[in-house]
Amino acid sequence: MYINSLQRSLLIPLGLLLALGLLALSSISRDFFLLQLAWSALGVGVLFFFHHFDWRSLIHYGWFIYGVYGVAVALLVLTLLTAPVIRGTSAWLVLGPFQFQTAELAKVALVILLASFFAEHHIRIARMRTIAVSGILVGVPTGLVLLQPDLGSAMVMGVLWFGFLLLAGLPIRHLAVFVLSAAVVGVLGWYQMLQPYH
């Protein structure tokens, strides 16, 4: 595999940080060390896979985009139904010795989905229908995350949506309504959903 100088300059510090992190964990807990080692090996494998595979062509296929989105939403539902309470939230899906925060996959899925959606509909960004449809697409996983409750991840999803609306050229009058609505929802969320552990 060919690795250019830029990639090498990124991979070497990454490898050193990974090795130091594993070394530190090995002195704290053998179980944590083995768990992190397994995740690190998986991450390195994914890195080399995507280095060889041109995944960018997949974002032009609707079945892939909505498939990733559907899997993310399904995992959020599964998490809501089966996840144990950890630090006050049911946000982690437990798979044997592994714990996976499904909201992270949902964020990636939203980035892919919104990029595709607004690339196709940015000309009609001034129409309320376009804003509403994108809002529903974001609202489904965001609502599931709020039920966990994970206010931080839900806010990140809202910011992602807002950022894509700006990039797509949302008119100023719609932007003002959006900001006002977000402020109201944020205040309500702060007082109604925020718990002491947050």
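See the structure shown above.
S.K.: Could you give me a rundown of a nonpolar patch on the surface, with the residues and numbers involved?
M.R.: Taken together, the side chains of Leu11, Leu14, Leu18, Val44, Leu47 and Phe48 make up a nonpolar region of the molecular surface, amounting to roughly 460 Å² of accessible area. When residues of the nonpolar patch are traced back to their parent elements, those giving at least two are α1 (5–26) and α2 (30–52). With respect to the secondary-structure elements, Leu11 resides in helix α1. A relative accessible area of 33% means that Leu11 is categorised as partly exposed.

S.K.: Please set out unusual backbone geometry residue by residue, giving values where relevant.
M.R.: Following Gln148, the chain continues to Pro149 via a peptide bond in cis, the omega torsion being -10 degrees. Inspection of the secondary structure assignment puts Pro149 in the loop between α5 (128–146) and α6 (151–167).

S.K.: Can you tell me about the nonpolar core, naming the residues and giving the values?
M.R.: Ranked by size, the top nonpolar core spans 27 residues in total, and within it Tyr69, Leu114, Phe118, Ile125, Val145, Trp161 and Leu165 carry the most contacts. Those elements that provide at least two residues to this core are α3 (62–82), α4 (102–121), α5 and α6. The element that contributes the greatest number of residues to this core is α4, accounting for 8 residues. Setting aside anything within four residues of it in sequence, one finds Phe118 in contact with Ile125, Ser134, Trp161, Phe164, Leu165 and Ala168.

S.K.: Residue-level account of the pattern of salt bridges, with values.
M.R.: Here the structure, examined in full by the defined rule, presents 1 salt bridge. When the shortest N-O distance is used, the salt bridge between Glu104 and Lys107 registers 3.0 Å. Taken together, the residues span about one helical turn, with Glu104 and Lys107 both in helix α4 at a distance of 3 residues. The class of Lys107 is buried, set by a relative accessible area of 14%.

S.K.: Now, about the packing of aromatic side chains: what can you tell me, with residues and values included?
M.R.: Under the defined criterion, the tally for this structure stands at 3 aromatic pairs. Relative to Phe64, the ring of Trp63 has its centre 6.1 Å away and its plane inclined at 85 degrees; by these criteria the two rings are edge-to-face. Judged by its relative accessible area of 60%, Trp63 falls in the exposed class. Judged by centre distance (5.2 Å) and plane angle (85 degrees), the ring pair of Phe117 and Phe118 falls under edge-to-face. Across the pair, Phe118 and Phe117 agree in class, each one buried.

S.K.: Before we move on, could you go through the side chain of Thr102 and cite the residues and values that matter?
M.R.: Here Thr102 shows up in helix α4. Separated by 2.9 Å, the side chains of Thr102 and Thr79 make a polar contact. With sequence-adjacent residues up to four places away left out, Thr102 is seen in contact with Leu75, Leu76, Thr79, Ala91, Leu93 and Gln148.

S.K.: Describe in detail the packing of α3 against α4, supporting the description with residues and values.
M.R.: It is at 9 Å that the axes of α3 and α4 come closest, and there the two elements cross at 150 degrees. The orientation of α3 with respect to α4, classified from their angle, is roughly antiparallel. As α3 packs across α4, the resulting crossing turns out to be left-handed. In contact with Ile65, Tyr66, Val68, Tyr69, Val71, Ala72, Leu75, Leu76 and Thr79 of α3, α4 contributes Thr102, Ala103, Leu105, Ala106, Ala109, Leu110, Ile112, Leu113 and Ser116. Along the lines of polarity and charge, the residues of the contact of α3 with α4 split into 15 nonpolar, 3 polar and no charged.

About the thresholds
Residues numbered from 1 in each chain as written. Predicted model: local features only at pLDDT ≥ 70, side-chain atom pairs only at ≥ 80, totals over all residues. Heavy atoms only, no water. Patch = residues over 30% accessible without salt bridge, like charges linked within 9 Å, V, L, I, M, F, W, Y side chains within 5 Å. Areas by Shrake-Rupley, 256 points an atom, 1.4 Å probe, with all protein chains shown as cover. Salt bridge = Lys/Arg side-chain N within 4 Å of Asp/Glu carboxyl O. Helix = DSSP H or I, 4+ residues; strand = E, 2+ residues; numbered from the N terminus. Buried < 20%, exposed > 50% of the residue type's maximum accessible area, 1.4 Å probe, protein only. Core = buried A, V, L, I, M, F, W, Y, C linked by side-chain atoms within 4.5 Å. Contact = heavy atoms within 4.5 Å. Phe/Tyr/Trp six-rings, centres within 6.5 Å; stacked < 30°, edge-to-face > 60°. Polar contact = N/O pair within 3.5 Å; in protein donor to acceptor, adjacent residues only side chain to side chain. Axes fitted to C-alpha atoms, helices over the stretch in contact; angles between N-to-C directions. Parallel < 35°, antiparallel > 145°, perpendicular 65-115°, else oblique. Left-handed = near helix turned anticlockwise from the far one by under 90°. Nonpolar A, V, L, I, M, F, W, Y, C, P; charged D, E, K, R; others polar.

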